[in-house]
Structures are given as structure tokens and as C-alpha cells.
Amino acid sequence: MTTAVIERKWHTTAEVAQMLGYGLSKTKMLVLTGEIRSIKDGHNRRILPRWVDEYVESRAREAEMEWSA
């Protein structure tokens, strides 16, 4: 018997905060300023996994540019 693994299609702001090791307030601010993209689903914000990856990649590029300057 095989067990199917269900992958999440999107995350809540709280889940993203935990994944990034940030506080909820900081993560909500990043969402509000558009630094982390999100969609509104009813009363809640949802964040696609690729948008989290885009944010991390963006921060890594910024850090690399600072180090090479």
C-alpha cells in the first residue's frame, strides 16, 4: 500500500513567518508592503510557496551585492 503525500498549495502568513523564522508582525508588514506577494482569499491572506522562494532569493541577491561591493 502506498501513501499519498499531499503538498500544500499555499501558506498562511503565520506559516510563512514560522518558515522564515520571522515574527508574525514582520511577516504581515512584508506582505502589506508587497515584499512578499500574497492573494486575498476571503478574510485571509494566502502565499504561494514560490512567492516565499522569490522573497528568499531576492534577499540573498541583495546580500551578495552588499558583500561584493
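Within each chain, residues carry numbers counting from 1 in the order of the written sequence. Given that this is a predicted model, residues contribute local features only at a pLDDT of at least 70 and side-chain atom pairs are listed and counted only at 80 or more, while totals for whole chains, interfaces and linings are drawn from all residues. With hydrogens and water excluded, all non-hydrogen atoms of the structure serve as input to the side-chain values.

### Re the nonpolar core
Let me state the cut-off plainly: Residue types Ala, Val, Leu, Ile, Met, Phe, Trp, Tyr and Cys, when buried and joined through side-chain atoms within 4.5 Å, form a set referred to as a nonpolar core. Throughout, exposure labels follow a simple rule: accessible area from a 1.4 Å probe, protein chains only, divided by the maximum for the residue type, with under 20% read as buried, over 50% as exposed, and the rest as partly exposed. Labels follow the DSSP assignment, with helices taken as runs of H or I lasting at least four residues and strands as runs of E lasting at least two, numbered in each case from the N terminus. In this analysis, two residues are considered to be in contact whenever any of their non-hydrogen atoms come within 4.5 Å of each other.
Formed by Val16, Leu30, Val31, Ile36, Ile47, Leu48, Trp51, Val52 and Tyr55, the largest nonpolar core amounts to nine residues. Within the residue set of this core, elements represented by two or more residues are helix H2 (24-32) and helix H3 (49-68). The biggest single contributor to this core is H3, with three residues. Beyond its immediate sequence surroundings of up to four residues, Trp51 is in contact with Arg37, Ser38, Ile39 and Arg46.

### Digging into the side chain of Thr13
For Thr13, the position within the fold is in helix H1 (residues 13-20). Other than its neighbours up to four places away in sequence, Thr13 contacts Leu24, Thr27, Lys28, Arg45 and Ile47.

### So, the packing of H1 against H3
Axis angle and axis distance: for two packed helices, these are the angle between their axes and the distance between the axes, and together they describe the pair. Convention followed: Geometry is summarised by axes, namely lines fitted to C-alpha atoms with helices restricted to the contacting stretch, and by angles between N-to-C directions that run from 0 to 180 degrees. Each angle receives one of four descriptions, namely roughly parallel if under 35 degrees, roughly antiparallel if over 145, roughly perpendicular if within 65 to 115, and oblique otherwise. Should the near helix be turned anticlockwise from the far one by less than a right angle, the crossing is termed left-handed; should it be turned clockwise, right-handed. Only Asp, Glu, Lys and Arg are considered charged in this grouping, and only Ala, Val, Leu, Ile, Met, Phe, Trp, Tyr, Cys and Pro are considered nonpolar; every other residue, Gly among them, is considered polar.
For the pair H1 and H3, interaxial distance at closest approach is 12 Å and the crossing angle is 40°. On the basis of their axis angle, the class for H1 and H3 is oblique. Seen from above, H1 lies across H3 with right-handed handedness. Together, Val16, Met19 and Leu20 of H1 and Val52, Tyr55 and Val56 of H3 make up the contact between the two elements. Looking at the contact of H1 with H3 residue by residue, the class counts come to six nonpolar, no polar and no charged.

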